[in-house]
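# Structural characterization, general
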Amino acid sequence: MDLAVEISGVTFKNPVIAASGYPTYHPKLMKKCVEAGVGGVTMKTTSVVEQNWNKQTLAPLFYDKWGGETGTISCQYGFIQPDKAAEYLKEMKPITKKEDVVLIASIEAAASDLKGWGNLAKKCEDAGADMIENMLCCPIGFEEDTGVAAARLEGNLTNITRAVKEAVSIPVITKIGFEHDHFIRQTAPAIEKGGADAIHAHGFTTATTVINVETAEPVESGTYCSWSRGMTRGSSLHAAGAIYKLVQIPVISSGGIYTWRDAVERIMGGATATAIHTAIFHKGYKVIPPIIDGLKSFMERKSYDTIDDMLGIALPHMMNFGEFMGYLTRRLVDPSKGQYVAPKKDVVVRVNAEKCNGCEICVDCLWGAVSMVDGKAVINLEDCERCGRCWSLCPTDAIVAKIPKTGAGFENGVFT
Ligand SMILES: Cc1cc2nc3c(=O)[nH]c(=O)nc-3n(C[C@H](O)[C@H](O)[C@H](O)COP(=O)(O)O)c2cc1C
Ligand code: SF4
Ligand code: SF4
């Protein structure tokens, strides 16, 4: 069993990369990523745009205590100055080389300054970077001509990627964040056209900081922050799959990855490698080893020999809306009347007592149909309205639903 993945001739010992951001801001922090076992580390972005240099005053904040389990964090304003970045890369190079970790330099310039992109990329290559990542995902509008604002013009993506490719001999990744499907359809091919060796994408992350209702003010005066987990995990998974289908080059995917399961999901959804930022910031570097170990155990348990064996394998099961409507017809109860919804008497919901661990999650049935008998859940089919709450929440998949007439149902965590 082998966790290694290859992107344009560069081998990552595992597909877990520390994404560019606060946890990779300084060699002292990047070393912790290396010690935690990552396959790659992407330094905090360095920029030639002076206005975008570090403006940090207070430490960035988490808003969980007001906003629920969202992993919402404030912006850590500003990027590293180029000379400092070269110094950091030089310091890191012997360490990443010794530990077999890929050192990635994340760079930024104004979209109109193609020379600036090329020169900064070359500076980072000379300082020891194994790969360059063009940062075109930052949602903060420091400059109209940088970050996600610049990425809105496909021409910028092609031209920047091409300029950087021409300036260096190491592989080049272009990184985007996105908000809509049409954005992917325009941007991914434009990046490929520029000659990129890979695309790094994350889903929707731009958000407004949480309002402290006691003071009626946002927690931080700026309204921008970044979200992870929850919706970002879903939108980033969607981006990975959509890009995988559109282009031939590998996809690196960040956005809401906290656990080994999230990493496996992203690989099965089309990502050759996964990148993690907020989970490290939120939980500390100790979050990394369980992701790598969990990935390994999962592959052993399921007999996947390589990451490639899992790459994109969930995508054939993901339908577009037209296909989904066709699929729903499988559940038609009365095709002559186009009737989808089975009368409740025709839907059987039952608990497999052997699998039930007595957790009582299903007992909060809105219709009061579930009770516990001798530590096992029992469903009263008279009261049950077949809403699906219990079977979708049951952690052991002990609840099975079936429409005997059509064979359709819900078993072992999936619709059949
Ligand atoms: C506070 C903060 C700072 C970030 N800084 C950078 C950066 O300098 N360069 C970059 O390419 N991405 C940056 N990102 C984006 C992350 O690398 C990552 O792609 C994104 O947050 C999604 O992954 P996550 O959900 O694991 O955080 C930053 C994100 C946050 C929240
Ligand atoms: S949720 Fe599942 S495991 Fe928990 S009590 Fe109900 S049937 Fe049993
Ligand atoms: S399917 Fe819905 S109504 Fe029926 S027992 Fe489960 S939660 Fe209650």
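Residues numbered from 1 in each chain as written. Chains lettered and ligands numbered in written order. Predicted model: local features only at pLDDT ≥ 70, side-chain atom pairs only at ≥ 80, totals over all residues. Heavy atoms only, no water.

Quick look at a nonpolar patch on the surface now. There is a patch of nonpolar side chains on the surface, built from Met-319, Phe-321, Phe-324 and Met-325 and spanning about 380 Å² of accessible area. Structurally, Met-319 is set in the loop between helix H11 (288-302) and helix H12 (321-328). Residue classification places Met-319 among the partly exposed residues on the basis of a relative accessible area of 37%. (Patch = residues over 30% accessible without salt bridge, like charges linked within 9 Å, V, L, I, M, F, W, Y side chains within 5 Å. Areas by Shrake-Rupley, 256 points an atom, 1.4 Å probe, with all protein chains shown as cover. Salt bridge = Lys/Arg side-chain N within 4 Å of Asp/Glu carboxyl O. Helix = DSSP H or I, 4+ residues; strand = E, 2+ residues; numbered from the N terminus. Buried < 20%, exposed > 50% of the residue type's maximum accessible area, 1.4 Å probe, protein only.)

In the region of ligand 3, 13 residues are neighbours, and Cys-365, Cys-384, Glu-385, Cys-387 and Cys-390 sit closest. Top element by residues in the shell around ligand 3 is helix H13 (residues 389-393). It accounts for three residues. Across the shell around ligand 3, the residue classes break down as nine nonpolar, one polar and three charged. (Near = heavy atom within 4 Å. Nonpolar A, V, L, I, M, F, W, Y, C, P; charged D, E, K, R; others polar.)

Their axes nearest at 10 Å, the elements helix H7 (residues 181-193) and helix H8 (residues 230-246) cross at an angle of 50°. Judged by the inter-axis angle, H7 sits oblique to H8. Seen from above, H7 lies across H8 with right-handed handedness. For the pair H7 and H8, the contacting residues are Asp-181, Ile-184, Arg-185, Ala-188, Pro-189 and Glu-192 in the first and His-238, Ala-239, Ala-242, Ile-243 and Leu-246 in the second. Across the contact of H7 with H8, the residue classes break down as seven nonpolar, one polar and three charged. (Axes fitted to C-alpha atoms, helices over the stretch in contact; angles between N-to-C directions. Parallel < 35°, antiparallel > 145°, perpendicular 65-115°, else oblique. Left-handed = near helix turned anticlockwise from the far one by under 90°. Contact = heavy atoms within 4.5 Å.)

Along its 17 residues, H8 runs 25 Å from first to last C-alpha, staying within 8% of the 24 Å computed at 1.5 Å per residue. Buried residues of H8: Thr-232, Ser-235, Ser-236, Leu-237, Ala-239, Ala-240, Gly-241, Ala-242 and Ile-243, and no others. Structurally, H8 contributes buried residues whose contacts are with H7, strand E10 (198-202), strand E15 (251-254) and helix H9 (260-268). (Expected span 1.5 Å × (residues − 1).)

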